[in-house]
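Each chain, written out:
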Amino acid sequence: MPVHTAKRTIKGKVSRARQSIRSRAPSASSPLVRRVMQRNTGHETEPERLLRTFLKEAGLRFRTDTRPEPHLKIKADIVFPRQRVCVFLDGCFWHGCPIHFKVPNSHSPWWKEKIQDNARRDARQTQALRRLKWKVIRYWEHQIQPEALQRINARIGEILDDR
């Protein structure tokens with residue numbers, strides 16, 4: 001898929017095909033869909049709360065929903081600044097989980113492009129942080145289950161100990 005950039009036409013209007021994915025977002029398919037999408041905040045999700053609570057109870061200290069590097073426009077869900085470790089909890093829908101993501105029936109081409117764009121952004125952000133010597137851990141939201149928290153905590157603990 002080509003990267004879209006804004007380009008003005010002769011009459012000064014921005015060509016629709018060249019606008020950003022966000023500016024080309026279609027209207028909601030129904031009032032109910034609109035209300036659901038407006039309430040989707042993208043942070044403070046149940047998997048985030050579950051993991052944070054478990055890590056705090058395990059005695060780990062970390063920051064939440066913060067930029068690991070102030071000059072980068074990247075926010076991680078959980079950050080261990082001293083050890084330079086970031087944890088991202090990727091939503092199955094918004095990040096295109098290979099197990100759970102299904103392209104919506106309404107406005108399918110736009111959604112497919114949007115999710116592909118999100119995946120490319122995730123990869124760019126991971127690489128940018130790794131170049132700056134950060135350890136990046138990514139989990140799908142469906143992986144954050146009560147029965148898996150001990151294993152996740154052990155993995156994060158191992159990485160923190162290595163740092």
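**Focus on the confidence of the model for the protein chain**
Looking at the protein chain, pLDDT values average 87 and 87% of them are 70 or higher. Overall, residues 1-9 carries pLDDT values under 50, and its contacts beyond four positions in sequence, including any with other chains, amount to 19 contacts.

**Quick word on a nonpolar patch on the surface**
On the surface, Leu32, Val33, Val36 and Met37 cluster together into a nonpolar patch covering about 320 Å² of accessible area. Among the secondary structure elements, valine 36 is positioned in helix H1 (residues 31-39).

**Some words on the pattern of salt bridges**
As enumerated under the stated definition, the model contains eight salt bridges in all. Residue arginine 52 is joined to glutamate 44 by a salt bridge in which the shortest nitrogen-to-oxygen separation is 3.1 Å. Residue glutamate 44 is classed as partly exposed on the basis of its relative accessible area, which comes to 41%. The shortest N-O distance in the salt bridge between arginine 120 and aspartate 117 comes to 3.7 Å.

**Some details on the nonpolar core**
Formed by 17 residues in total, the largest nonpolar core has its most connected members in Leu51, Phe80, Val87 and Ile156. Sort the elements by how many residues they give to this core and helix H4 (residues 149-162) lands first, with five residues. Beyond its immediate stretch of four places on either side in the chain, leucine 51 contacts Ile78, Val87, Leu89, Ile144, Leu149 and Ile152. With 10 residues, the next largest nonpolar core counts Val79, Cys86, Ala128 and Leu129 among its residues.

**Structural notes on the packing of aromatic side chains**
Per the counting criterion, the structure on display carries six aromatic pairs. Ring plane angle 65° and centroid distance 5.3 Å describe the contact between phenylalanine 93 and tryptophan 111, whose orientation is recorded as edge-to-face. Remark: tryptophan 111 occurs in helix H3 (residues 108-131) and phenylalanine 93 occurs in the loop between strand E3 (85-90) and H3; sequence separation between them is 18 residues. What makes phenylalanine 93 partly exposed here is its relative accessible area of 27%. With a relative accessible area of 12%, tryptophan 111 lands in the buried category. Plain terms: the ring middles of tryptophan 94 and tryptophan 111 are 5.5 Å apart, the flat faces sit at 55° to each other, and that makes the pair tilted. Pair noted here: tryptophan 94 is in the loop between E3 and H3 and tryptophan 111 is in helix H3, with a separation of 17 residues, a long-range link. Put simply, the rings of Phe93, Trp94, Phe101, Trp110 and Trp111 pair up and form one aromatic cluster. Above the face of the phenylalanine 88 ring, arginine 138 is positioned so that its terminal group lies 4.2 Å from the ring centre.

**Focus: the sheet that holds strand E2 (residues 76-80)**
Reading across from one edge, E1-E2-E3-E4 is the order of the four strands in this open sheet, with mixed pairing throughout. Two strands in the sheet have a free side with no partner beyond their single neighbour: strand E1 (63-66) and strand E4 (135-140). Strand-to-strand twist across the sheet, computed as the mean angle between neighbouring axes with direction ignored, equals 25°. As defined by bridge partners, E1 adjoins E2 across three bridges and the pair is classed as antiparallel. What sits directly across from arginine 63, in E2, is valine 79. The strands touched by H3 within the sheet are E3 and E4, with E4 carrying the most contacts at an inclination of about 155°.

The rules behind these values
- Residues numbered from 1 in each chain as written.
- Predicted model: local features only at pLDDT ≥ 70, side-chain atom pairs only at ≥ 80, totals over all residues.
- Heavy atoms only, no water.
- pLDDT = per-residue confidence, 0-100.
- Contact = heavy atoms within 4.5 Å.
- Patch = residues over 30% accessible without salt bridge, like charges linked within 9 Å, V, L, I, M, F, W, Y side chains within 5 Å.
- Areas by Shrake-Rupley, 256 points an atom, 1.4 Å probe, with all protein chains shown as cover.
- Salt bridge = Lys/Arg side-chain N within 4 Å of Asp/Glu carboxyl O.
- Helix = DSSP H or I, 4+ residues; strand = E, 2+ residues; numbered from the N terminus.
- Buried < 20%, exposed > 50% of the residue type's maximum accessible area, 1.4 Å probe, protein only.
- Core = buried A, V, L, I, M, F, W, Y, C linked by side-chain atoms within 4.5 Å.
- Phe/Tyr/Trp six-rings, centres within 6.5 Å; stacked < 30°, edge-to-face > 60°.
- Lys NZ or Arg CZ within 6 Å of the ring centre and 35° of its normal.
- Pairing = 2+ DSSP bridges.
- Axes fitted to C-alpha atoms, helices over the stretch in contact; angles between N-to-C directions.

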